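# A closer look at the structure
The primary structure of each chain is shown beneath.
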2 protein chains.
Amino acid sequence: MAKHQAPTMKDVAREAGVALGTVSRVINGITVGDEYKKKVEAAIKKLNYQVNTYARGLKTSQTKTLTLIIPSLALPFYANFAYEIEQQTYQHGRKLILCCSNGIPEKEIDYISLASQSKTDGIIALTYSDISNQVPEDIPLIVFDRHFENRSVPRIASDNFAGGFLAIEKLLEFGCTHPIFIGYHSDFPGEADKRFEGFQAACKKFELKPTFLYESDDNDSYETLYNFIVSHQDKDTHTLDFDGIFANTDLEACAAVRILDDLNYSVPADVQIIGFDGTKKFLPIDEYIVSTIVQPLPALAKKCVEMILNAENEPLPTLTLLPVTYEYGGTTIK
Amino acid sequence: MAKHQAPTMKDVAREAGVALGTVSRVINGITVGDEYKKKVEAAIKKLNYQVNTYARGLKTSQTKTLTLIIPSLALPFYANFAYEIEQQTYQHGRKLILCCSNGIPEKEIDYISLASQSKTDGIIALTYSDISNQVPEDIPLIVFDRHFENRSVPRIASDNFAGGFLAIEKLLEFGCTHPIFIGYHSDFPGEADKRFEGFQAACKKFELKPTFLYESDDNDSYETLYNFIVSHQDKDTHTLDFDGIFANTDLEACAAVRILDDLNYSVPADVQIIGFDGTKKFLPIDEYIVSTIVQPLPALAKKCVEMILNAENEPLPTLTLLPVTYEYGGTTIK
DNA sequence: AGAAAGATATGAAACGTTTCACGAAACATA
DNA sequence: TATGTTTCGTGAAACGTTTCATATCTTTCT
């Protein structure tokens, strides 16, 4: 038995008794006489015809495909961003190509090259190195949550600076007199760095002594944080010299909660804590709920995709910052 | 200024002073005379030529593309599976198209149809409905972690039954005399159901009274579980009538830990707990560590991709079950 | 040395679309 | 009725590859 060949437009045309071009026009929704249209549609249904994306892509060099380059899906934040991007991509009738680079520059570049061979309609990148000069001019690129040296590459992120500032404002509003900052930062230029700057700006404005733990990635961050907190306690009075924590991420906020608990301090009575990311929004784990500055992940994804797809009409703006919001999660008084 | 056109094989051929076919052979690694090869490679480098995947796909109807259909990336288990599939896909020189269906059957079918139009080389599906009859015959399909009515569709999963059995064996080995099962199950036919069957089989074999909480998805599972546990305690003696828990997932194991803690029982002294999934392997959150039956996610992903890509040589086996392992995580004595 | 066999380069055809110049038909105008 | 205008279907060309029959050049054997 011969292998069943998928029907082509030519088959449809023959079946419907019309010309090839007519079939094409029906498929692409270009005006066609009613009787013709009906005949073609009947033939399509009868033959169960489906367009061949590759033939179309070759002809139009529009592949209806978006590419997402992301280190991994291990961090819930990454996973959720990828999810939101996919949802948007689908909504716009595109397919999403997922690339997990593990943050390895060579892989990142390799993915770019693959994407370019596949004539992808746009690249959304959350990379460790600045890959903007690897991307062909005719493929729109948006860098998410990163700021590289080259400031001309369009990027998008939450307003991390405002978020850092807001966290301190909130802690003060909730009665804290000495909020501090804790966090680890990696050596790649992530937008998350701006949270610390927001903290500093708030300290300046409200005339606070800026106390913080802000170091490069550490193998045992729990221990580092533990020691830091211990160093700020008066053992005789069992008193801490701070009463509020702004943690760089919800993960770190959780670690702080645990450590304070281990040290027999009460949250939020003794210390109020605000994290960052809004992880509870997308990680359905109770243990993970803290008061937090929420990143608007769905809105960010929406913006990314819309901007990319609109890139040929309107050049991509250099920087797009979306507002963050505070949300109560039990580690503050409200 | 004219828009810069990407160079084609024809350009390379002209630049190198050879025929079109020769360029093709160089690119595809077919034997070509040394001098020709050198000339072509030089031209490729000079023009910065890249193959056009769409032209190639049209000609060969091999798209070097795999499609993953998964409900979402919200559950760490899903996210990690997607990640491992992507890694394997990349290793085999393919691209991955990610489809998040939210478990909506219409979307699942729509994704299948898109995949088929795009002539994907294979589909890996973690769906809620049985989509096997929607997939064209010539596209290999593997269903992950599901068992539908139609038993002829190739599927792959961890050996959940053996895992359930193993969990009880371990609890007994660690000195429990009355292990129980807790878990919620959804109404779609997931392989995870088999864990409960494994539990039951173990009860039969070891002559245990099978105590369990096993209900359909619940809006407030915490409360249900809390009430269940309370109903098994003697309030006067503050004693529970069980001393071991096998939880259907690590998430539920964590909930149990928390509830027992709230009720002032000690884990693992009073109650030992074993979860399922091995979530700690891929979710880097300390709160989330329990003793667990580990699903071999990387191995599962590897198998999926290898089998799919080998499907034309060797027809896909109906059922592939990969072994699970026990791993200590603090909620048991070892 | 001549013929046969073996390599390997060549260029045209084909994959399944979209697009466009062309022509036919229908309609409006005078 | 004759002419101009609009509408819409037609079919060939083109997109950038791969593949295959053909042609050319070596090598080997008698």
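For the structure, see preceding data.
Described below are features of the structure shown in this document. (Residues numbered from 1 in each chain as written. Chains lettered and ligands numbered in written order. Predicted model: local features only at pLDDT ≥ 70, side-chain atom pairs only at ≥ 80, totals over all residues. Heavy atoms only, no water.)

### Some details on the sheet that holds strand β1 (residues 65-70) of chain A
On the basis of which strands lie adjacent, the open sheet formed by 12 strands has the order β13(A)-β5(A)-β4(A)-β3(A)-β1(A)-β2(A)-β2(B)-β1(B)-β3(B)-β4(B)-β5(B)-β13(B) and mixed pairing. Looking at which strands have only one partner, the edges of the open sheet turn out to be β13 (319-322) of chain A together with β13 (319-322) of chain B. Adjacent strand axes in the sheet meet at a mean angle of 25°, parallel and antiparallel pairs treated alike. (Pairing = 2+ DSSP bridges. Helix = DSSP H or I, 4+ residues; strand = E, 2+ residues; numbered from the N terminus. Axes fitted to C-alpha atoms, helices over the stretch in contact; angles between N-to-C directions.)

### Notes on the interface of chain A and chain B
Contacts between chain A and chain B engage 48 residues on the former and 48 residues on the latter. Surface buried jointly by chain A and chain B totals about 4,500 Å² across both partners, of which 59% is contributed by carbon and sulfur atoms. Among the residues of chain A in contact with chain B, Tyr-54, Tyr-90 and Glu-287 of chain A are the three that bury the most area, contributing 17% of the side total. Linking chain A with chain B are 0 salt bridges, by the criterion used here. Where the side of chain A that touches chain B is concerned, the elements lending two or more residues are α4 (53-60), α5 (76-91), β2 (95-100), α6 (105-117) and α10 (250-262) of chain A. Per-class residue counts for the side of chain A that touches chain B are 27 nonpolar, 13 polar and 8 charged. Where β2 of chain A and strand β2 (residues 95-100) of chain B come together, 3 bridges link them in antiparallel fashion. (Contact = heavy atoms within 4.5 Å. Buried area = accessible area lost by both parts, 1.4 Å probe. Salt bridge = Lys/Arg side-chain N within 4 Å of Asp/Glu carboxyl O. Nonpolar A, V, L, I, M, F, W, Y, C, P; charged D, E, K, R; others polar.)

### Points about the packing of aromatic side chains
What the rule picks out here adds up to 33 aromatic pairs over all chains. When the ring of Phe-165 of chain A is compared with that of Phe-206 of chain A, the centres are 5.8 Å apart and the planes differ by 45°; the resulting orientation is tilted. Of this pair, Phe-165 of chain A sits in helix α7 (residues 160-173) while Phe-206 of chain A sits in helix α8 (residues 193-206), and the two are 41 residues apart along the sequence. Taking relative accessible area as the criterion, Phe-165 of chain A reaches 16% and is therefore assigned buried. Their ring planes at 25° and their centres at 6.3 Å tell us that Tyr-222 of chain A and Tyr-226 of chain A sit as a pair that is stacked. With a gap of 4 residues between them, Tyr-222 of chain A and Tyr-226 of chain A both fall in helix α9 (residues 221-231), about one helical turn apart. The aromatic ring of Tyr-90 of chain B is capped on one face by Lys-107 of chain A, whose charged end is 4.5 Å from the ring centroid. (Phe/Tyr/Trp six-rings, centres within 6.5 Å; stacked < 30°, edge-to-face > 60°. Buried < 20%, exposed > 50% of the residue type's maximum accessible area, 1.4 Å probe, protein only. Lys NZ or Arg CZ within 6 Å of the ring centre and 35° of its normal.)

### Re the nonpolar core
Counting residues in each nonpolar core, the largest one holds 61 residues, and the members touching the most others are Ile-70, Leu-73 and Phe-81 of chain A together with Ile-70, Leu-73 and Phe-81 of chain B. The dominant element in this core, judged by the number of residues it contributes, is helix α11 (residues 297-309) of chain A, at 8 residues. Phe-81 of chain B has contacts with Leu-68, Ile-70, Ile-124, Leu-126, Phe-144, Leu-297, Ala-301 and Cys-304 of chain B, leaving out every residue within four places of it along the chain. In terms of nonpolar packing, the next biggest core, distinct from the first, is built from 52 residues, Val-230 of chain A together with Ile-229, Phe-242 and Ala-256 of chain B among them. (Core = buried A, V, L, I, M, F, W, Y, C linked by side-chain atoms within 4.5 Å.)

### Considerations on the relation of the copies chain A and chain B
Of the two same-sequence chains, chain A is brought onto chain B (RMSD 0.1 Å, axial shift 0.0 Å) by a rotation of 180°. Overall, the copies show the geometry of a two-fold rotation axis. The share of interface residues of chain A whose copies in chain B are also at the interface is 100%, consistent with both copies meeting through the same surface. (Least-squares fit on C-alpha atoms with pLDDT ≥ 70 in both.)

### Here's the deal with the protein's contact with DNA strand D
Surveying the vicinity of DNA strand D reveals 26 residues, the closest of which are Ala-19, Thr-22 and Gly-33 of chain A together with Met-9 and Tyr-49 of chain B. Considering DNA strand D, the proportion of its atoms within 4 Å of the protein that are sugar or phosphate atoms stands at 68%. In the environment of DNA strand D, a phosphate oxygen lies 3.3 Å from a nitrogen or oxygen atom belonging to the side chain of Asn-28 of chain B. Tyr-49 of chain B is positioned with one of its side-chain polar atoms (N or O) 2.7 Å from a phosphate oxygen of DNA strand D. Those elements giving two or more residues to the surface near DNA strand D turn out to be α2 (20-27) and α4 of chain A together with α2 (20-27) and α4 (53-60) of chain B. Looking at the surface near DNA strand D element by element, the count peaks at 5 residues for α4 of chain B. Tallied by class, residues from the surface near DNA strand D come to 11 nonpolar, 11 polar and 4 charged. (Near = heavy atom within 4 Å. Polar contact = N/O pair within 3.5 Å; in protein donor to acceptor, adjacent residues only side chain to side chain.)

### Topic: the protein's contact with DNA strand C
In the vicinity of DNA strand C lie 26 residues, with Tyr-49 and Arg-56 of chain A together with Ala-19, Thr-22 and Gly-33 of chain B positioned nearest. In DNA strand C, the atoms that sit within 4 Å of the protein are 69% sugar and phosphate, with bases accounting for the remainder. Contacts to DNA strand C include Thr-22 of chain B, whose side-chain N or O atom sits 2.5 Å from a phosphate oxygen. With respect to DNA strand C, the side chain of Lys-59 of chain B contributes an N or O atom lying 3.1 Å from a base nitrogen. Of all elements in the fold, only α2 and α4 of chain A together with α2 and α4 of chain B reach the threshold of two or more residues within the surface near DNA strand C. Considered class by class, the residues forming the surface near DNA strand C number 11 nonpolar, 11 polar and 4 charged.

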